[in-house]
Amino acid sequence: AMSEFGRTPRINGHIGRDHWPEAWSLAMAGCGLKAGLAVGKTNAQGTFVDTEPYDIGHMFHTWFRALGVNSIATEYNNAGQPLPIAHDDCHAVDEVLA
Amino acid sequence: MNDTDQQALLQKFEPRETGVITADPQVTEARFSPCGCYLAAGGFDARVRVWDISGDEPTESPAIVGHNGWVHAIVFHPEQDVIYSADSWGQIRATRHDGGEPESLWNVEQAHDGWIRQLDISPDGKLLASAAPDGRVCVWSTADGQRVAEWTGHNEDVQSLRFDPSGKLLASGDAKGKVRLWQVDSGECIREFDAGSLWLLHRLQDVGGVRLIRFNHDGSLLACGGVTPKNGGTVQGKPTLLIFDTASGEQRQSIEFGEDKDCLLHDLVWHADDVLIGVTSGTPGTGKLVMRRPGDEKPFFETTKMANCHSLSYHADTNRLAIVATNKGSNGNGRRLNKDGEYEGNNSPIHLLKMGSDTDSAKTETAT
């Protein structure tokens with residue numbers, strides 16, 4: 001369960017929060033994943049990630065690995081053009097993998 | 001209204017700012033103590049902050065702690081130095097506070113399932129009523145926190161409630177515009193009022209609802225406030241007050257307090273001189289303080305100097321107002337850092353105002 005961005009730590013005048021893409025969290029469960037742990041944290045204000053930050057590319061590597069798919073060796077075949085199935089510059093989050 | 005009437009009203013009611021308390025973190029609402037010496041405010045940081053405002057400058061007293069989430073409702077006992085407060089986790093607390101270290105008297109950890117929207121206290125100070133999204137109106141003994149009554153029938157998020165001036169009746173309003181009038185002694189719902197124009201179902205979202213209820217000085221009229229919503233999402237609609245005949249349930253008036261961008265009528269005082277004083281808040285940066293009489297075509301005073309006003313408190317003896325607003329520039333998507341690269345939070349300026357042109361204003365009773 002995740003959203004495309006987080007919400008501002010501060011509350012606006014409409015008693016709501018605005019878009020904040022700098023730090024937020026997601027929850028996941030399923031095969032190949034450990035249960036009951038929290039990985040990473042923000043600073044005390046909740047504004048920026050204090051530990052190693054992860055992006056959607058890291059998540060795809062993690063999910064494919066959990067499913068038993070080699071996310072580095074496997075590629076999409078776009079009419080003969082090879083495309084990565086997860087961002088080249090990212091890696092799986094080993095901590096969450098069973 | 002002729003010019004003479006307007007001048008007379010302005011002479012009695014036009015406010016001038018006497019000070020500002022900047023509350024950081026932000027607060028939800030602020031209320032004067034009955035003696036007028038203290039101002040208490042519920043915070044988004046789970047505290048109730050208290051200031052001594054009897055001197056030239058406000059001085060802060062120790063805060064009330066023990067809540068969780070947002071403290072969204074506070075009321076003072078009419079005679080004792082006791083503050084009743086409620087939070088978004090469903091807890092109600094009673095705390096003695098006379099300017100020194102607060103003393104916890106009692107608390108009910110799970111008074112409601114979820115966010116307690118409003119509290120009200122009976123005029124004799126014996127009963128405390130609470131409203132919440134669990135659809136219940138609960139009544140508690142102020143002496144020991146025992147629940148003495150639980151009334152169901154709304155089946156919706158109950159957003160507002162108010163005792164009438166006699167204390168024998170209690171009105172409650174919900175998210176879909178239904179208002180129920182309860183006989184306090186028996187718990188019988190004796191009448192329903194239709195404030196459905198304050199509600200809209202838009203894109204599966206319930207928009208609006210009865211956000212505040214007030215009685216006039218003798219309880220013969222009941223007013224329900226909120227917005228006449230045009231859409232969900234970023235809500236647009238005129239801040240609206242509906243006035244009903246309490247005895248018959250008949251709607252007498254619909255009064256607007258601004259334009260579509262002004263959105264919600266957040267708080268209101270029904271002054272004994274039949275003057276309605278209200279504050280509104282729309283999208284970040286909008287909002288007004290409005291003063292008008294029910295029978296007039298337009299307000300006799302309004303100001304937009306305070307942005308996003310969420311709370312209004314009136315102290316009769318000193319003829320003062322306390323308005324909780326929001327700092328300018330409170331909204332913003334994405335990365336908003338100051339020139340030093342730091343993330344700035346928002347704050348709640350609590351504006352202290354004195355009404356009237358006389359420095360020694362006469363005592364005035366109010367029914368709110």
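What you see is a predicted model, and the numbers here were worked out from it, not measured in a lab.

J.: Would you explain the overall build of chain B in this entry?
T.: On a plain count of helices and strands, chain B comes out with one helix and 30 strands. Taking 2.2 N^0.38 as the reference for a compact globule, 368 residues should give roughly 21 Å; the C-alpha atoms of chain B span a radius of gyration of 19 Å, in line with that estimate. The principal-axis extent of the C-alpha atoms belonging to chain B is close to 55 × 50 × 50 Å. By residue count, 58% of the 368 residues in chain B fall in the buried class. Of all intrachain contacts in chain B linking residues separated by at least 6 positions in sequence, the fraction that spans at least 24 positions is 49%. Accessible area of chain B: about 15,300 Å², with a carbon and sulfur share of 43%. Side chains of chain B carry 36 positive and 53 negative charges; the gap between the two charge centres is 4 Å.

J.: What is the right way to look at helix α1 (residues 3-13) of chain B in this model?
T.: Helical periodicity: at 3.6 residues per turn, an α-helix aligns residues three or four positions apart in one direction. Residue and element names in this part refer to chain B. Where α1 is concerned, the buried positions are Leu9, Leu10 and Phe13. With its buried residues spanning 100° around the axis, α1 presents them on a single face. Exposed residues pointing more than 90 degrees away from the buried face of α1 are listed as Asp3, Thr4, Gln7 and Gln11. For α1, the elements touching its buried residues are β1 (15-23), β25 (276-281), β26 (289-292), β27 (301-303) and β30 (348-355).

J.: What should I look at first to understand helix α1 (residues 56-66) of chain A in this one?
T.: Residue and element names in this part refer to chain A. Residues of α1 that are buried: Gly57, His58, Met59, His61, Thr62, Phe64 and Ala66. Looking at the buried residues of α1, the elements they touch are β3 (75-78). Just downstream of α1 lies Gly68, where phi reads positive at about 85°.

J.: Where do I start with the nonpolar core in this structure?
T.: Buried together is how nonpolar side chains tend to be arranged in soluble globular proteins. Residues and elements named next belong to chain B. If you look at the biggest cluster of nonpolar residues, it comprises 21 residues, and the most contacted ones within it are Phe13, Ile277, Leu289, Met291, Phe300, Leu321 and Ile323. For this core, the elements supplying multiple residues, two or more each, are α1, β25, β26, β28 (311-315), β29 (320-324) and β30. By residue number, the principal contributor to this core is α1, which donates three residues. Apart from the residues within four sequence positions on either side, Phe300 is in contact with Met1, Gln6, Leu9, Leu10, Phe13, Val275, Met291, Arg292 and Arg293.

J.: Just checking my understanding: could you explain the sheet that holds strand β8 (residues 92-96) of chain B for this structure?
T.: Through backbone hydrogen bonds, the strands of a sheet pair up, either in parallel or in antiparallel fashion. All names here are of chain B. Across the sheet, four strands lie side by side as β6-β7-β8-β9; this open sheet has antiparallel pairing. Each edge of the open sheet is held by one strand with a lone partner, namely β6 (71-76) and β9 (103-108). Sheet twist, expressed as the average angle between the axes of neighbouring strands with direction ignored, equals 20°. Pairing between strand β7 (residues 82-87) and β8: five bridges, direction antiparallel. Pairing of Ser85 across the sheet is with Arg93, part of β8.

J.: Looking at this structure, how should I read the packing of aromatic side chains?
T.: Two aromatic rings, taken as a pair, are described by how far apart their centres are and by the angle between their planes. Across all of its chains, the model carries 10 aromatic pairs over all chains by this definition. Between Phe60(A) and Trp63(A) the ring centres are 5.3 Å apart and the planes differ by 75°, which places this aromatic pair in the edge-to-face class. Of the two residues, Phe60(A) and Trp63(A) both sit in helix α1, three residues apart, roughly one turn of that helix. Given a relative accessible area of 36%, Phe60(A) falls into the partly exposed group. Assessed through its relative accessible area of 26%, Trp63(A) is described here as partly exposed. Ring geometry for Phe44(B) and Trp70(B): centres 4.4 Å apart, planes at 90°, overall edge-to-face. Of this pair, Phe44(B) sits in the loop between β3 (38-43) and β4 (48-52) while Trp70(B) is found in the loop between β5 (59-64) and β6, placing the two residues 26 residues apart along the sequence. Overall, Phe44(B) belongs to the buried group, its relative accessible area being 16%.

What counts, and where the lines are drawn
- Residues numbered from 1 in each chain as written.
- Chains lettered and ligands numbered in written order.
- Predicted model: local features only at pLDDT ≥ 70, side-chain atom pairs only at ≥ 80, totals over all residues.
- Heavy atoms only, no water.
- Helix = DSSP H or I, 4+ residues; strand = E, 2+ residues; numbered from the N terminus.
- Rg over C-alpha atoms; globule rule 2.2 N^0.38 Å.
- Buried < 20%, exposed > 50% of the residue type's maximum accessible area, 1.4 Å probe, protein only.
- Contact = heavy atoms within 4.5 Å.
- Areas by Shrake-Rupley, 256 points an atom, 1.4 Å probe, with all protein chains shown as cover.
- Lys, Arg positive; Asp, Glu negative; His and termini not counted.
- Charge placed at Lys NZ, Arg CZ, Asp CG, Glu CD.
- Arc of directions from axis to C-beta.
- Core = buried A, V, L, I, M, F, W, Y, C linked by side-chain atoms within 4.5 Å.
- Pairing = 2+ DSSP bridges.
- Axes fitted to C-alpha atoms, helices over the stretch in contact; angles between N-to-C directions.
- Phe/Tyr/Trp six-rings, centres within 6.5 Å; stacked < 30°, edge-to-face > 60°.

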